[in-house]
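The primary structure of each chain is shown beneath.
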Amino acid sequence: AMRRLSEIGEDALIERLIRLVPKCEAAEGPGDDCAVVDDGGERLALLKTDGMVEGVHFLKGAEAKAVGWKAVARVVSDFAAMGGVAERFLVTVALPGMMEISWIEGFYKGMGECMDRYGAKLAGGETCRVPEGSAAVISIAATGSVERGMVVLRSGGKCGDGLWVTGRLGGSLQGKHLTFSPRVEEARWLAEHFRATAMMDLSDGLAKDLPRLAKASGCGFRLEREAIPLTAGCTLEQALCDGEDFELLLAAPADADTGDWAERFPGLGLTRIGELVADGEGEILEGGWDHFS
């Protein structure tokens, strides 16, 4: 019988697909927040694509400008999770002919505000039509860079490292997922001053993303559930599984010192939530967001 995408889930699908194509030798990833390409210069190139589908990532009634902000901010957040910055964007929009012009204009305004705020620019793109009745699809590709000494992968965590998160988790659907600020400055501070060994942004929920970071680092993990910082009014279950927090999850040496974090980033917590342990030890987490399950 033919197997369906819904039977295997997103991570297994990606593993199957990347075996079928020639891969760029100089790259880290696929499987990190961004692909890292080493062209021999003092900065490493970062590459990222991201898709947003009406009805999956935003609802028809969502404010166009907020959706545009989110489309760019999601990508900026992925560059931040590598210690880097976004630079140039290519945007493809596939739209039904019946879409109101004002909506797509509002969307571009929102994208423009986010690019302005984080120092990126639009370099080009493509517009095409989807059949009537189909959802609008927005696809974003971006390039960025990071200094060679500042890049942080998911795979650098060591057994005994502490696990930390920025901010508070859970409840993104109450609107936070459309208005969040990617943690660009914070990530750079964490790479430089906190000696982060592994880092990613929390898009699919701690329950899905923490096992990914631990696996990439060849470790298990222990989670101190009572330490997880919850968004006001949210349960632990929501903090683990809602997704779209766009906070940073990182590993750092056991003796890492939070130093002047509180002065640099007042009002944004940096909370220790557990540790990386030897592979095969620790615990198992279930849940979080999977596109195909």
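Residues numbered from 1 in each chain as written. Predicted model: local features only at pLDDT ≥ 70, side-chain atom pairs only at ≥ 80, totals over all residues. Heavy atoms only, no water.

Undergrad: In this structure, what is going on with the overall build of the protein? I would like to understand it.
TA: Along its length, the protein carries nine helices and eleven strands. In terms of C-alpha radius of gyration, the protein reaches 19 Å, essentially the compact-globule figure of 19 Å for 293 residues. The dimensions of the protein, computed from C-alpha atoms along their principal axes, are 55 × 50 × 45 Å. Evaluated residue by residue, the protein yields a buried proportion of 48% over its 293 residues. (Helix = DSSP H or I, 4+ residues; strand = E, 2+ residues; numbered from the N terminus. Rg over C-alpha atoms; globule rule 2.2 N^0.38 Å. Buried < 20%, exposed > 50% of the residue type's maximum accessible area, 1.4 Å probe, protein only.)

Undergrad: Even after reading the chapter, I still don't get the sheet that holds strand β11 (residues 270-278), so can you show me in this structure?
TA: Backbone hydrogen bonds are what pair the strands of a sheet, in a parallel or an antiparallel way. The strand order β8-β10-β7-β11-β9 describes an open sheet built from five strands, whose pairing is antiparallel. Unpaired on one side and paired on the other, β8 (198-201) and β9 (219-223) mark the two borders of the sheet. For this sheet the average axis-to-axis angle between neighbouring strands, irrespective of direction, equals 25 degrees. Where strand β7 (residues 162-166) and strand β10 (residues 248-252) come together, four bridges link them in antiparallel fashion. When the bridges of β10 are listed, V165 appears paired with L249. Those strands touched by helix α6 (residues 184-192) are β7, β8, β10 and β11, and its axis lies near 5 degrees from that of β10. (Pairing = 2+ DSSP bridges. Axes fitted to C-alpha atoms, helices over the stretch in contact; angles between N-to-C directions. Contact = heavy atoms within 4.5 Å.)

Undergrad: What is the right way to read the nonpolar core from this model?
TA: A general trend in soluble globular proteins is that nonpolar side chains are found buried together. Among the nonpolar cores identified, the biggest contains 61 residues, and F89, L190, F194 and L250 are the most heavily contacted of them. Those elements that provide at least two residues to this core are β3 (43-53), α3 (64-80), β4 (85-95), α4 (101-118), β6 (137-147), α6 and β10. Sort the elements by how many residues they give to this core and α3 lands first, with eleven residues. When residues no more than four places from it in sequence are discounted, the contact partners of L250 are G162, L163, W164, L190, F194, A196, A198 and M199. (Core = buried A, V, L, I, M, F, W, Y, C linked by side-chain atoms within 4.5 Å.)

Undergrad: Help me understand α6, please; the structure alone is not making it clear to me.
TA: Each full turn of the α-helix corresponds to 3.6 residues, which orients residues three or four apart in the same direction. α6 sits mainly inside the fold: seven of its nine residues count as buried. For α6, every residue scored as buried is listed here: V184, E186, A187, R188, W189, L190 and A191.

Undergrad: Can you walk me through the packing of aromatic side chains in this structure?
TA: Two aromatic rings, taken as a pair, are described by how far apart their centres are and by the angle between their planes. Taken as a whole and judged by the stated rule, the model has nine aromatic pairs. Seen from their ring centres, W189 and F194 are 6.2 Å apart, and the 25 degrees between their planes marks the pair as stacked. An aromatic cluster is defined as three or more aromatic residues linked by ring pairs; in this entry it consists of W164, W189, F194, W261 and F265. (Phe/Tyr/Trp six-rings, centres within 6.5 Å; stacked < 30°, edge-to-face > 60°.)

Undergrad: What exactly am I supposed to notice about the environment of C234 here?
TA: Tracing the sequence through the fold places C234 in the loop between β9 and α8 (236-241). Overall, the relative accessible area of 11% leaves C234 in the buried class. C-alpha separation for the pair C234 and G170, spaced 64 residues apart in sequence, amounts to 6.0 Å. Residues in contact with C234, not counting those within four places in the same chain, are L169, G170 and G171.

Undergrad: Explain the pairing of strand β5 (residues 121-129) here, please?
TA: A regular strand places its side chains so that they alternate between the two faces of the sheet. With respect to burial, β5 is a largely exposed element, only zero of its nine residues being buried. Inspection of the sheet shows β4 paired to β5 by eight bridges, in the parallel sense. Bridging across to β5, T92 finds its partner in E126. For the crossover that starts at β4, traverses α4 and ends in the parallel β5, the hand is right-handed. (Right-handed = clockwise from strand over helix to strand, strands pointing away.)

Purely spatial values, then, with no claim about function.
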